[in-house]
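Take a look at the letters that make up each chain.
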Amino acid sequence: MSGLMRGANVALTKEIPGLRTLVVGAAWDAGGEHALDDNLVLAAVLCGPDGRATSADDFVFFQQVVSSDLSVAAVDAALGDDTEQLEIDLDGVPAAVERVVVVLYLSEGGPRRRTLGQLKRCVVRVLDGATGAGIVSSEDLAPGFGPETAVVLGEVYRHQGGWKFKVVGQGYAAGIVGVAEQYGLPL
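It should be emphasised that the depicted structure is a prediction, and the values quoted were computed from it without experimental measurement.

Q: Explain the pairing of strand β9 (residues 121–128) to me, please; I cannot follow it from the model alone.
A: Regular strands place side chains that alternate from one sheet face to the opposite one. Burial analysis of β9 places 7 of its 8 residues in the buried class, which makes it a mostly covered element. Looking at chain direction, strand β3 (residues 21–29) and β9 are connected through 8 bridges and run antiparallel. Looking across to β9, one finds that V23 is bridged to L127. Judged from the 3 bridges that link them, β9 and strand β10 (residues 134–138) form a sheet pairing that is antiparallel. Its bridge partner lying in β10, R125 is registered against S137. Connecting β9 to the antiparallel partner β10 that follows it, the hairpin turn spans 5 residues, and G132 within it adopts a positive phi of roughly 80 degrees.

Q: I tried to follow helix α3 (residues 176–183) on my own but got confused; where do I start?
A: Count 3.6 residues to each turn of an α-helix, and residues three or four apart come out pointing the same way. Every buried residue belonging to α3 is among G178, V179, A180 and Y183, and all of these are buried. For α3, the elements touching its buried residues are β4 (40–47), β8 (99–106), β11 (150–159) and β12 (162–172). Looking one or two residues past α3, G184 carries a phi angle of roughly 70 degrees, positive in sign.

Q: Explain the packing of aromatic side chains here, please?
A: Two aromatic rings, taken as a pair, are described by how far apart their centres are and by the angle between their planes. Inspection of the entire model under this criterion finds 2 aromatic pairs. Considering the side-chain rings of F59 and F61, the 4.6 Å spacing of their centres and the 25 degrees angle between planes classify their relative orientation as stacked. Taking relative accessible area as the criterion, F61 reaches 15% and is therefore assigned buried. Their ring planes at 75 degrees and their centres at 5.4 Å tell us that F61 and F62 sit as a pair that is edge-to-face.

Q: Explain the environment of A11 to me, please; I cannot follow it from the model alone.
A: Secondary-structure assignment places A11 in strand β2 (residues 9–11). Spatially, the C-alpha atoms of A11 and G162 are 7.7 Å apart, while their sequence positions differ by 151 residues. Sequence-distant contacts of A11, that is, excluding residues within four places in its chain, are made with W163 and K164.

Q: For this particular structure, what's the right way to read the sheet that holds strand β5 (residues 59–60)?
A: Sheet strands pair by backbone hydrogen bonding; their relative direction is either parallel or antiparallel. Taken in spatial order, the 6 strands line up as β2-β12-β11-β8-β4-β5 in an open sheet, and their pairing is antiparallel. Each edge of the open sheet is held by one strand with a lone partner, namely β2 and β5. As judged from the 3 bridges shared by β2 and β12, these two strands associate in the antiparallel manner. Bridge pairing in β12 links V10 to F165.

Q: What's the story with the layout of surface pockets in this structure? I'm lost.
A: To find leftover empty space, a probe the size of one water molecule is rolled over the atoms. Reported here for the largest pocket is a volume of approximately 180 Å³. Secondary structure elements with two or more residues in the lining of the largest pocket: β4 and β7 (84–89). When residues of the lining of the largest pocket are assigned to their parent elements, the largest contribution, 3 residues, is made by β7.

Conventions we followed
Residues numbered from 1 in each chain as written. Predicted model: local features only at pLDDT ≥ 70, side-chain atom pairs only at ≥ 80, totals over all residues. Heavy atoms only, no water. Buried < 20%, exposed > 50% of the residue type's maximum accessible area, 1.4 Å probe, protein only. Helix = DSSP H or I, 4+ residues; strand = E, 2+ residues; numbered from the N terminus. Pairing = 2+ DSSP bridges. Contact = heavy atoms within 4.5 Å. Phe/Tyr/Trp six-rings, centres within 6.5 Å; stacked < 30°, edge-to-face > 60°. 1 Å grid on protein atoms, 1.4 Å probe; cavity = no way out; pocket = protein on both sides within 12 Å on 5 of 7 lines; lining within 4 Å. Points joined across faces, edges and corners; volume = space filled by probe spheres on them.

What follows is the structure, given as structure tokens:
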């Protein structure tokens, strides 16, 4: 599995014809900081052509584990080296959804200020959902984190009739509030 730098992308369905289901996973190392590790959440936002969430029901996270159209779901027990995973049924993603944005954020709670800059390692990877075979992974994104409490790890998006994956690594010091504002999710 090749490692992609921030901003790099790969043509998923062009490289693997017949690819129907993806698993997008994130693996992180909190360096033994249990309070940090226990408060990290992997989520997805289904976005339309305008780059905004198609509806409030299209935010997949621990309190809403599947999108309203059932095309994106949080995986109950992550496989392999991933800490958490999301499954994407490419054929089931509605035509109105142009991209699925994968986000890692710190849930609120606890008196001590935590940031993603405390992570020792953070990688996002894409697997073939049918076979479990690795397709691509990112470089270690953790060295680029600082005061952020949320980060867009990557995007699965439509391109010329197929699907691509892009490593993003863009953080938000405002946390999930910044993500919600960026993608038009209600707070």
